[in-house]
4 protein chains.
Amino acid sequence: MTKICDGDQVLFYLDSRRHWLLRVEAGKSFHLHRGILNFDEVIGQQFGSFATTSLGTKIAALPPLPRDKAIKMGRQTNIVYPKDAGLILLLAGIGPGSTVVEAGTGSGALASLIGYHVSPNGGVISYEIREDFAEVAINNLEKAGLKGIVTVKQQDILEGITEKNVDSVVLDLAVPWDVVPHAYNALRGGGVIVSFSPTIEQTQRTVEALYASHFTEIVTRELIEREILVRPGKTRPATRMIGHTGYVTSARKVYPPRVTQH
Amino acid sequence: MTKICDGDQVLFYLDSRRHWLLRVEAGKSFHLHRGILNFDEVIGQQFGSFATTSLGTKIAALPPLPRDKAIKMGRQTNIVYPKDAGLILLLAGIGPGSTVVEAGTGSGALASLIGYHVSPNGGVISYEIREDFAEVAINNLEKAGLKGIVTVKQQDILEGITEKNVDSVVLDLAVPWDVVPHAYNALRGGGVIVSFSPTIEQTQRTVEALYASHFTEIVTRELIEREILVRPGKTRPATRMIGHTGYVTSARKVYPPRVTQH
Amino acid sequence: MTKICDGDQVLFYLDSRRHWLLRVEAGKSFHLHRGILNFDEVIGQQFGSFATTSLGTKIAALPPLPRDKAIKMGRQTNIVYPKDAGLILLLAGIGPGSTVVEAGTGSGALASLIGYHVSPNGGVISYEIREDFAEVAINNLEKAGLKGIVTVKQQDILEGITEKNVDSVVLDLAVPWDVVPHAYNALRGGGVIVSFSPTIEQTQRTVEALYASHFTEIVTRELIEREILVRPGKTRPATRMIGHTGYVTSARKVYPPRVTQH
Amino acid sequence: MTKICDGDQVLFYLDSRRHWLLRVEAGKSFHLHRGILNFDEVIGQQFGSFATTSLGTKIAALPPLPRDKAIKMGRQTNIVYPKDAGLILLLAGIGPGSTVVEAGTGSGALASLIGYHVSPNGGVISYEIREDFAEVAINNLEKAGLKGIVTVKQQDILEGITEKNVDSVVLDLAVPWDVVPHAYNALRGGGVIVSFSPTIEQTQRTVEALYASHFTEIVTRELIEREILVRPGKTRPATRMIGHTGYVTSARKVYPPRVTQH
């Protein structure tokens with residue numbers, strides 16, 4: 001049982017559309033249409049208990065998960081969906097102790113998830129060409145407690161990757177194909193590159209570049225997520241859904257000479 | 001750069017349908033239709049380099065990823081797909097240091113993936129009622145180097161969960177709904193339960209049980225994975241695909257009293 | 001080449017979101033945010049040519065297809081998607097000369113499509129319990145030129161189907177399962193029943209009823225439609241899509257005695 | 001009630017995987033692993049009744065639907081799925097009395113479905129460059145009773161379409177884009193072209209050609225069909241499914257000058 005402390009991040013959850021990730025600070029409050037939430041009444045309660053607004057609405061005070069933080073960061077630039085982030089982790093074999101190069105950082109959403117999963121002994125080096133994004137990301141990652149794990153490099157990854165012998169390279173870039181040869185040089189033998197792209201043309205050029213470099217097990221996947229509304233007597237998939245986020249292409253580095261096997 | 005040592009597990013990868021996860025031992029060999037693979041010639045090479053059979057076929061010697069090991073274990077009982085395992089990890093917020101209760105163990109495939117991700121300081125307690133499965137799983141998990149991380153309990157989880165204050169409970173069971181009250185008691189406030197079921201009736205009964213216990217943010221998702229065949233001038237989704245693996249239902253524990261919000 | 005005449009229905013098509021199905025009448029006009037469309041300037045033009053508004057916007061004047069008319073009718077009650085209507089026609093084998101019983105009529109959208117396809121010698125008998133819907137549908141079907149083809153019966157189909165030896169029965173009802181025995185009696189040997197239901201529970205009860213009556217080849221299908229945005233260098237499925245419309249269950253009548261084959 | 005006559009085509013249906021489309025002829029029989037089916041005992045029975053083999057297995061004797069015939073034809077060259085054929089019909093507005101140009105004929109599967117739906121007063125002109133395919137198709141279409149409705153032209157549609165003022169052009173070709181200008185000339189104003197292609201590159205080139213010619217309402221769709229196994233307590237989508245058949249692109253002819261609206 002963990003008590004909510006002054007300064008903790010809390011996910012206040014009303015329902016699937018209305019929830020807020022907030023830092024509770026003594027003496028402060030949050031105004032919502034269902035009344036005022038006084039943080040002094042929240043501090044000292046157990047995580048998982050209900051907070052009550054001035055108008056009597058009960059809101060669950062949940063401990064934020066990495067996905068909650070990532071979704072909040074994602075709103076600033078582009079969203080990382082749990083389905084895609086989970087697949088990337090599994091395909092790349094990213095886990096505790098992994099060393100991962102990632103680009104572009106954006107607001108740090110994907111970097112924060114990878115950083116969480118490589119903790120406490122691994123590391124993420126995240127490349128971001130834009131200074132404004134890098135600043136936002138550094139701030140976000142610090143708030144998420146990942147300062148020592150994720151290093152944001154304000155640098156163009158198209159010019160090369162300095163790191164060597166890394167376990168995986170994760171790309172969410174407009175032009176991933178030009179980074180493929182750099183990724184090859186940065187990866188250890190058998191290391192995994194994963195590239196996420198919304199369009200088929202990006203995917204085609206990336207796959208082409210992977211064949212041209214010495215990669216094997218080149219596979220492109222797409223995940224379609226459906227929410228199922230499970231209600232007594234009225235169970236059905238949701239009427240509206242996200243139809244597409246992106247294509248996930250993964251491959252592993254092998255040493256030449258290599259016989260091409262398409 | 002890591003050299004392959006005597007006793008290492010190696011993923012020998014020929015193509016997407018032909019690959020073998022083997023332990024290389026000095027003086028031994030592996031016979032395949034493309035010739036004999038002499039392990040003495042593999043030991044001492046870099047991971048990621050090519051091994052050559054007696055008939056001249058080149059096979060990539062890759063370092064196995066957790067997903068490779070899990071897929072091999074899964075063949076003994078039921079397969080855990082990376083798409084589903086990744087989503088479960090993300091939804092449950094399972095990462096380094098997490099304490100997770102899991103059931104049923106089966107051959108240990110999902111437990112091995114969770115165990116990998118909670119390392120080095122977390123732990124997995126995996127319940128399995130069948131003695132034969134428990135034995136297979138203990139053996140598999142030891143081979144995967146997770147002996148100190150995953151504990152297999154040969155015990156019926158329907159009779160209760162001994163652990164308290166765990167971060168998440170992951171269920172892949174025929175009758176998950178009867179475990180929901182036990183999961184509630186075992187979880188910390190805000191902790192996450194995730195249940196994976198192939199049928200809609202299992203999902204319906206589980207969701208009903210989650211509403212009856214004090215859970216919130218109850219969501220059921222299904223992931224449909226398509227492989228995209230990216231080939232010059234002939235790009236298209238694969239003709240045949242896995243149409244369904246299962247429904248993933250997740251929810252978080254809150255303390256009563258709770259106003260039901262469907 | 002067909003000229004647009006006074007009184008013709010015309011689909012004025014600006015783009016995928018902005019199009020209007022209108023009857024052009026001499027001396028009248030249509031006001032839209034892009035200017036006024038004077039019908040006198042449209043009458044006498046070829047179908048397929050562009051009409052110009054008072055503000056100079058060009059709008060294609062297309063001959064409306066049955067699907068355009070059905071979509072307009074559908075807006076009044078519930079939409080029939082071309083994907084589902086097309087599958088229903090094919091599964092039921094509905095074509096020129098077919099005799100079809102349909103329920104419920106709603107605004108007549110599905111009845112209009114079936115009516116079009118059974119013309120000129122077939123017939124549709126459409127049951128609708130609600131008087132207000134029946135009136136709307138009769139009006140819609142007359143406008144669509146199907147007065148002699150589709151007969152709307154303001155009657156509860158749960159009380160029975162008067163027709164005999166019909167080729168197919170098409171149901172889009174809240175409680176289709178109670179109509180299954182009536183459909184059996186109405187159908188000819190080998191005749192096809194098709195039922196469309198949004199929820200899985202409706203589908204389950206319908207399938208149960210089909211097994212209980214003497215039906216064979218009982219299959220439930222679901223069609224997921226994705227729009228692909230094909231644009232130079234940016235091809236991808238649309239970000240948002242309709243996630244679910246309904247389940248389509250079809251079966252054929254056989255005479256007893258029947259060995260159940262699940 | 002219709003009796004089975006000597007010479008009729010009958011769909012003998014055992015289960016979803018075992019069914020045969022046969023012409024019953026007096027004095028003849030069909031040998032299957034479940035015994036011999038004596039056609040003399042079938043002739044004179046009602047369609048929809050059960051026939052019994054020499055080993056006592058009961059098989060439903062169903063009247064074949066157009067889709068049953070099309071599927072059988074399709075096995076000779078390439079399969080036309082009901083989901084795609086239905087969508088094509090609806091998008092193109094093909095119905096009784098329509099005049100349709102189609103290519104390539106293949107074994108006549110799609111032509112037979114279109115032919116059925118334009119009967120009794122419409123017509124299909126189907127282009128097929130290969131003489132062997134054209135012969136097979138002519139034979140198949142005659143058997144399907146569509147001799148007077150579908151005309152197979154053994155001619156290369158890339159060299160032009162002779163017909164004018166047709167209602168729709170349906171393409172299932174390796175290089176549909178080169179036919180787009182011919183289709184424009186052949187179609188009436190507002191007429192519809194529908195092209196079916198398995199690959200995204202074919203679709204891209206076709207869409208490009210449609211924009212270059214004077215077409216509007218250019219939309220590409222893909223239908224994913226899932227079979228739902230509805231069984232008491234075990235309802236779920238089928239484990240394996242067809243992942244992809246093809247992309248369906250449709251557009252309507254408008255007269256120039258046209259303001260491009262993407």
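Residues numbered from 1 in each chain as written. Chains lettered and ligands numbered in written order. Predicted model: local features only at pLDDT ≥ 70, side-chain atom pairs only at ≥ 80, totals over all residues.

Things to note about the overall build of chain A
- Each helix and strand counted, chain A has 7 helices and 15 strands in total.
- The C-alpha extent of chain A, read off along each of the three principal axes, is 70 × 45 × 30 Å.
- The buried share of chain A, reckoned over its 262 residues, is 55%.
- Within chain A, residue pairs in contact and separated by at least 24 positions form 62% of the contacts whose partners lie at least 6 positions apart. (Helix = DSSP H or I, 4+ residues; strand = E, 2+ residues; numbered from the N terminus. Buried ≥ 20, exposed ≤ 12 C-beta atoms within 10 Å, placed from the backbone. Contact = placed C-beta atoms within 7 Å.)

Considerations on the relation of the copies chain A and chain B
- Overlay of chain A on chain B (RMSD 0.0 Å): rotation 180°, translation along the axis 0.0 Å. What the rotation and shift describe, once combined, is the action of a two-fold rotation axis. Of the C-alpha atoms belonging to chain A, the one lying closest to the rotation axis is found on A:Gly86, 1.9 Å away.
- When the interface residues of chain A are mapped onto chain B, 98% of them are again interface residues, pointing to one common binding face. (Least-squares fit on C-alpha atoms with pLDDT ≥ 70 in both.)

Overview of the interface of chain A and chain B
- Every contact between the two is made by 63 residues of chain A and, on the other side, 63 residues of chain B.
- When residues in the side of chain A that touches chain B are grouped by element, the largest group, 12 residues, is from strand β12 (residues 215–229) of chain A.
- Taken together, the residues of the side of chain A that touches chain B break down into 29 nonpolar, 19 polar and 15 charged.
- The pairing of β12(A) with strand β12 (residues 215–229) of chain B spans 9 bridges and is antiparallel. Each residue of the ladder has a partner; that of A:Glu225, found in β12(B), is B:Leu223. (Nonpolar A, V, L, I, M, F, W, Y, C, P; charged D, E, K, R; others polar. Pairing = 2+ DSSP bridges.)

Considering the sheet that holds strand β5 (residues 50–52) of chain C
All names here are of chain C.
- Taking strand neighbours across the sheet as the criterion, the 4 strands line up as β2-β1-β6-β5 in an open arrangement whose pairing is antiparallel. Because the sheet does not close on itself, it has two edges, and the strands there are β2 (18–23) and β5. Geometrically, the sheet is characterised by an average inter-axis angle of 30° between neighbouring strands, direction not taken into account.
- Pairing between β5 and strand β6 (residues 58–62): 3 bridges, direction antiparallel. In the strand pairing of β6, Thr52 is matched with Lys58. (Axes fitted to C-alpha atoms, helices over the stretch in contact; angles between N-to-C directions.)

A look at helix α3 (residues 82–92) of chain A
- Most of α3(A) sits inside the fold, with 11 of its 11 residues counted as buried.
- Taken residue by residue, α3(A) has A:Pro82, A:Lys83, A:Asp84, A:Ala85, A:Gly86, A:Leu87, A:Ile88, A:Leu89, A:Leu90, A:Leu91 and A:Ala92 as its buried positions.

Some words on the nonpolar core
- Counting residues in each nonpolar core, the largest one holds 321 residues, and the members touching the most others are B:Ala61 and D:Ala61.
- Apart from residues lying up to four places away in sequence, B:Ala61 is in contact with B:Ile4, B:Val10, B:Phe12, B:Val42, B:Gln45, B:Phe47, B:Ser49, B:Phe50 and B:Ala51. (Core = buried A, V, L, I, M, F, W, Y, C linked by C-beta atoms within 7 Å.)

Side note on the pairing of β2(C)
Residue and element names in this part refer to chain C.
- Taken together, the 6 bridges between strand β1 (residues 9–15) and β2 define a ladder with antiparallel strand orientation. Looking across to β2, one finds that Asp15 is bridged to Arg18.
- Hairpin connection between β1 and β2: a loop of 2 residues separates the two successive antiparallel strands.

What about the pairing of strand β7 (residues 99–103) of chain B?
Residues and elements named next belong to chain B.
- With respect to burial, β7 is a largely interior element, 5 of its 5 residues being buried.
- Of the two faces of β7, the one carrying Thr99, Val101 and Ala103 and the one carrying Val100 and Glu102 are both buried.
- The sheet contact formed by β7 and strand β8 (residues 123–127) spans 5 bridges and is parallel. Paired with Val100 across the bridge in β8 is Val124.
- What joins β7 to β8 is helix α4 (residues 109–118), and the crossover it makes is right-handed. (Right-handed = clockwise from strand over helix to strand, strands pointing away.)

Topic: the packing of α4(B) against helix α5 (residues 131–143) of chain B
Residues and elements named next belong to chain B.
- At a closest axis distance of 10 Å, the pairing of α4 and α5 adopts a crossing angle of 35°. The two elements α4 and α5 cross, and the hand of that crossing is right-handed. Contact residues: Ala111, Ser112 and Gly115 in α4; Ala137, Asn140 and Leu141 in α5.
- For the contact of α4 with α5, a count of residues per class yields 3 nonpolar, 3 polar and no charged. (Left-handed = near helix turned anticlockwise from the far one by under 90°.)

Considerations on the sheet that holds strand β6 (residues 58–62) of chain A
Residues and elements named next belong to chain A.
- Judged by pairing direction, the sheet is antiparallel, and its 4 strands sit side by side in the order β2-β1-β6-β5 without closing on themselves. This sheet does not close on itself; its edge strands, each paired only once, are β2 (18–23) and β5 (50–52). The mean angle between the axes of side-by-side strands here comes to 30°, regardless of whether they run parallel or antiparallel.
- One ladder, built from 3 bridges, connects strand β1 (residues 9–15) with β6; its direction is antiparallel.

Notes on unusual backbone geometry
- Cis rather than trans, the peptide bond between A:Ala103 and A:Gly104 has omega equal to -15°.
- Along the polypeptide, A:Gly104 turns up in the loop between β7 (99–103) and α4 (109–118).
- Omega for the bond connecting A:Ser119 with A:Pro120 falls within 30 degrees of zero, at 0°, which places this linkage in the cis form.
- Relative to the assigned elements, A:Pro120 resides in the loop between α4 and β8 (123–127).
- Backbone geometry places B:Glu217, a non-glycine residue, at a positive phi of 50°.
- Tracing the chain through its elements places B:Glu217 in strand β12.

Here we look at the confidence of the model for chain A
All names here are of chain A.
- On average, chain A scores 95 in pLDDT, and the residues at 70 or more come to 97%.
- Considering only residues more than four positions removed or in separate chains, one finds that residues 258–262, a stretch of pLDDT under 50, has 5 contacts.
- Interface confidence for the predicted complex, given as ipTM, is 0.95, next to a pTM of 0.95. (pLDDT = per-residue confidence, 0-100.)

So, the packing of α3(A) against helix α3 (residues 82–92) of chain B
- Where α3(A) meets α3(B), the axes come as close as 7 Å, and the angle between the chain directions of the two elements is 115°. Note that α3(A) runs across α3(B); the crossing there is right-handed. Between α3(A), through A:Pro82, A:Lys83, A:Ala85, A:Gly86, A:Leu87, A:Leu89, A:Leu90 and A:Leu91, and α3(B), the contact on the second element is made entirely by B:Pro82, B:Lys83, B:Ala85, B:Gly86, B:Leu87, B:Leu89, B:Leu90 and B:Leu91.

So, the environment of D:Asp156
- Structurally, D:Asp156 can be placed in the loop between β9 (150–153) and β10 (166–171).
- For D:Asp156 and D:Glu41, which are 115 residues apart along the polypeptide, the C-alpha to C-alpha distance reads 47 Å.

Considerations on the environment of A:Gly74
Residues and elements named next belong to chain A.
- Within the secondary structure, Gly74 sits in helix α2 (residues 66–74).
- Sequence separation of Gly74 and Ser107 is 33 residues, and the distance between their C-alpha atoms is 6.4 Å.
- Non-local contacts of Gly74, meaning those with residues more than four positions away in its chain, are made with Ile79, Val80, Ser107 and Ala109.

Some words on the environment of D:Glu201
- Examined against the element boundaries, D:Glu201 turns out to sit in helix α7 (residues 200–212).
- Sequence-wise, D:Glu201 and D:His182 are 19 residues apart; in three dimensions their C-alpha atoms are separated by 20 Å.
- Those residues within four positions of D:Glu201 in sequence are excluded, and the remaining contacts are B:Gly233, B:Lys234 and B:Thr235.

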